[in-house]
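Breakdown of the fold
Listed below are the residues making up each chain.
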Amino acid sequence: MPLSPGTPASPATEAVLKESYERILRRNPGEPEFHQAVREVLEALAPVLDRRPELLDAKIVDRITEPERQIIFRVPWQDDKGEIHVNRGFRVEFNGVLGPYKGGLRFHPTVNLGIVKFLGFEQIFKNALTGLNIGGGKGGSDFDPHGRSDAEVMRFCQSFMTELHRHLGEHTDVPAGDIGVGGREIGYLFGQYRRLANRWEAGVLTGKGLAWGGSAGRTEATGYGSVLFTAEMLKLRGEDLEGQQAVVSGSGNVAIYTVEKAQALGANVVTVSDSGGYVVDEKGIDLDLLKEVKEVRRLRVSDYAERRGPSARYVPGGSVWDVPADIAFPSATENELDAAAAATLIRNGVKAVSEGANMPTTPDAVHLFQEAGVSFGPGKAANAGGVATSGLEMAQNAGRAIWSFEQVEAELTRIMKAVHDECYETAERYGAPGDYVKGANIAGFERVSDAILAQGLI
Ligand code: GLU
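Note on numbering: residues in each chain are counted from 1, in written sequence order. Where local features are concerned, this predicted model is filtered to residues with pLDDT of at least 70; where side-chain atom pairs are given and counted, the filter is 80 or more; whole-chain, interface and lining totals use all residues. Derived side-chain values reflect all non-hydrogen atoms in the structure, with water molecules and hydrogen atoms excluded from consideration.

For helices, the axis comes from a line fit to the C-alpha atoms of the stretch in contact; other axes are also lines fit to C-alpha atoms, and the angle between any two N-to-C directions lies between 0 and 180 degrees. Under the scheme used here, helices are H or I runs from DSSP no shorter than 4 residues and strands are E runs no shorter than 2 residues, and both carry numbers assigned from the N terminus. Packing of helix H12 (residues 339–347) against helix H13 (residues 363–371) leaves a shortest axis separation of 8 Å and a crossing angle of 20 degrees. Considered as vectors, H12 and H13 are oriented roughly parallel to each other. Where H12 crosses over H13, the handedness of that crossing is right-handed. Together, Ala 339, Ala 342, Ala 343, Leu 345 and Ile 346 of H12 and Asp 364, Ala 365, Leu 368 and Phe 369 of H13 make up the contact between the two elements. Polar here means any residue other than Ala, Val, Leu, Ile, Met, Phe, Trp, Tyr, Cys and Pro, which are nonpolar, and Asp, Glu, Lys and Arg, which are charged; Gly is therefore polar. Of the residues assigned to the contact of H12 with H13, the class counts are 8 nonpolar, no polar and 1 charged. Put simply, angles under 35 degrees are roughly parallel, angles over 145 are roughly antiparallel, angles from 65 to 115 are roughly perpendicular, and the rest are oblique. By convention, the crossing between two helices is left-handed when the near helix turns anticlockwise from the far helix through less than a right angle, and right-handed when the turn is clockwise. In what follows, a contact means two residues having at least one pair of non-hydrogen atoms within 4.5 Å.

Encoded structure:
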């Protein structure tokens, strides 16, 4: 498979891309998600590198695919029974040319270095697209918070931060949440950072509580942003969300606020899911009940179905993508929507897909959507609203300011439109009209590359 499908590169560019990619595979063995994320970016770059040979000469591809710093550490902690556990912690500070390393922490048993690198790599380009001064990074641990008491989660977070704090700072590296890390965990992490650093340094973490430096709207931002991005894609098709049937996967923070915003704009959202199965609710998802089950009680979507009554059906182990929809919002995790699922959605008439999660769609599924003329919003553009609002939280912290929800939402709306337009226009400029994947990757890459060139051999 050439690294420049669709837009064949000059033989020289193709050879450089191939050589770089092979070296990346060799130097990063056993990291398939990282390889997948890199490949997607490289596949978009041929026309840029053909037009701008100075980027080839400066070896930008090799420099951008090698993290600036990778930190791996031991996280020992004690459970409520006194038993000792040892987890592994990670922080990959991938690229800092545009600002402090910025990206979430993921606590999930599947976390390993390759996962953190894929997420950190995506974050570089996503953060660049927001137009804010934030670099790319990501971190996490293979710790599983499910079934753990608050006290256990607190002790884990304190141990995790006891090592991580020396690498952080409001101008250095600013983590936030991701899967398994929400307001509760950010609170425990912030408390431990403050004790160790003896600084009330609000800008060192984002996603904080509103009373202690958090931003209104940060909780809602990723899901809201994904829907706003979709609204922009639909506008170009002469449509909006009113009356559209939507399927959402996942039931975490991104999924919940995708449901909220999509409903507010008139869509009928009929599903949510978790690792056990999905719920299809003919009357549309009851948002208050979903929040009660997930945010307050930390239960499963099967519990939602049980409490909801006859309109909702729980399908254990099934694929949410079997449910017919005009719009699909994959908002759970990587590679959750494969080619078979894409074919089903296309057969059922899907018009738009917006990646609320990071890399939830497999490459062959993306290809099928694009060939079928489905408007496809890649995660690094469609879910950029979360990290963009983290950037707004940092701005408020730096100015000791507190913005209203309305101010934040207005700014988020402006940013999502700007991200959409930049991806769309860049794709047009490089001969791939309507291809948001190429547009996002090229626009993000150019912004980061220009900063690297300007800052010298770094
Ligand atoms: N984890 C989120 C993402 O994937 C947000 C990161 C942040 O706010 O720093 O973009």
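There is more to say, and it comes next.
On to the sheet that holds strand E2 (residues 84–95). Sheet strands pair via backbone hydrogen bonds, and the direction of the pair is either parallel or antiparallel. Reading across the sheet, the 5 strands line up as E1-E2-E4-E3-E5 and stay open at both edges, with mixed pairing between neighbours. Both edges of this open sheet fall to strand E1 (69–78) and strand E5 (173–177), since each of them pairs with a single strand only. Adjacent strand axes in the sheet meet at a mean angle of 20 degrees when their direction is disregarded. Being paired, for any two strands, means DSSP has found at least two bridges between them. Summarising the sheet, E1 and E2 pair through 10 bridges and their orientation is antiparallel. Bridge assignment links Arg 69 to a residue of E2, and that residue is Glu 93. Across the sheet, helix H6 (residues 150–164) is in contact with E1, E2, strand E3 (101–107), strand E4 (135–141) and E5; its angle to E1 comes to roughly 145 degrees.

Let us look at the packing of helix H9 (residues 253–264) against helix H10 (residues 287–296). If you want to describe how two helices pack, look at the angle between their axes and the distance between the axes. At a minimum axis separation of 11 Å, H9 and H10 run at an interaxial angle of 170 degrees. Overall, the two elements H9 and H10 adopt an arrangement that is roughly antiparallel. Contacts between H9 and H10 involve Ile 256, Tyr 257, Val 259, Glu 260 and Gln 263 from the former and Leu 287, Leu 290, Lys 291, Lys 294 and Glu 295 from the latter. In terms of residue class, the contact of H9 with H10 is made up of 5 nonpolar, 1 polar and 4 charged.

As a further point, take the sheet that holds strand E11 (residues 352–354). Here 7 strands make up an open sheet; going across it, the order is E9-E8-E7-E6-E10-E11-E12 and the pairing mixed. Each edge of the open sheet carries a strand with a single partner, namely strand E9 (312–316) and strand E12 (375–377). On average, adjacent strands in this sheet sit at an angle of 15 degrees to one another, irrespective of strand direction. Summarising the sheet, strand E7 (residues 268–274) and strand E8 (residues 277–281) pair through 4 bridges and their orientation is antiparallel. Across the sheet, residue Val 272 finds its bridge partner in E8, namely Val 279. Of the strands in this sheet, strand E10 (327–329), E11 and E12 are in contact with helix H8 (residues 218–235), which crosses E11 at around 150 degrees.

Here a residue is near a molecule or strand as soon as one of its heavy atoms is found within 4 Å of it. Near the ligand, the surroundings consist of 13 residues, among which Lys 102, Lys 126, Gly 177, Asp 178 and Ser 390 are the closest. The side chain of Asp 178 places a nitrogen or oxygen atom 2.9 Å from a nitrogen atom of the ligand. Interatomic distance of 2.9 Å between a side-chain N/O atom of Arg 218 and an oxygen atom of the ligand. Alone, the ligand offers 300 Å² of accessible surface; in the complex the protein occludes 95% of this. Here a polar contact is recorded for every N or O atom pair within 3.5 Å, except that within protein the pair must consist of a potential hydrogen donor and a potential acceptor, and residues adjacent in sequence are included only if both atoms are side-chain atoms. Here, Shrake-Rupley sampling with a 1.4 Å probe gives the accessible areas, and only protein chains in the shown set may cover a residue.

Let us now look at H10. Residue exposure (1.4 Å probe, protein chains only): buried if accessible area is under 20% of the type maximum, exposed if over 50%, otherwise partly exposed. Residues of H10 that are buried include every one of Leu 287, Leu 289, Leu 290, Lys 291, Val 293 and Lys 294, and no others. Elements in contact with the buried residues of H10: H9, E7 and helix H11 (301–308). The N-cap residue of H10 is Asp 286: its side-chain oxygen and the backbone nitrogen of Asp 288 are 3.2 Å apart. Positioned one or two residues after H10, Arg 298 has a phi angle of 55 degrees, which is positive.

Judged by nonpolar contacts, the single largest core of 45 residues is most densely connected at Phe 229 and Tyr 304. No other element matches H8, which puts 7 residues into this core. For Tyr 304, the residues in contact, after removing those within four places along its chain, are Val 279, Asp 281, Gly 284, Ile 285, Asp 286, Leu 289, Leu 290, Val 293 and Ala 312. Judged by nonpolar contacts, the second largest core, of 42 residues, contains Leu 42, Ile 64, Phe 90 and Leu 113. We define the nonpolar core as a collection of buried residues of types Ala, Val, Leu, Ile, Met, Phe, Trp, Tyr and Cys that are connected through side-chain atoms lying within 4.5 Å of one another.

Bringing the side chain of Asn 28 into the picture now. Relative to the helices and strands, Asn 28 is located in the loop between helix H1 (11–27) and helix H2 (32–51). The class of Asn 28 is buried, set by a relative accessible area of 8%. Reaching out from Asn 28, the side chain makes a polar contact with the backbone oxygen of Ile 24 at a distance of 2.8 Å. Dropping the residues within four chain positions of it, Asn 28 is found in contact with Phe 34, His 35 and Lys 117.

This paragraph deals with the environment of Ile 442. If you trace the backbone, Ile 442 turns up in helix H17 (residues 436–455). Taking the C-alpha atoms as reference points, Ile 442 and Cys 423, 19 residues apart in sequence, are found 8.2 Å from one another. Ignoring anything within four residues of it in the chain, the contact list for Ile 442 reads Ala 44, Pro 47, Val 48, Thr 426 and Tyr 430.

A few words on helix H16 (residues 405–429). The span one expects for a helix is its residue count, reduced by one, times 1.5 Å. The end-to-end C-alpha separation of H16 is 36 Å, in line with the 36 Å expected for 25 residues at 1.5 Å each. The set of residues buried in H16 consists of Val 408, Leu 412, Ile 415, Met 416, Val 419, His 420, Cys 423, Thr 426 and Ala 427. On its buried face, H16 is in contact with helix H5 (113–129), H8, helix H14 (379–382), helix H15 (384–398) and H17.

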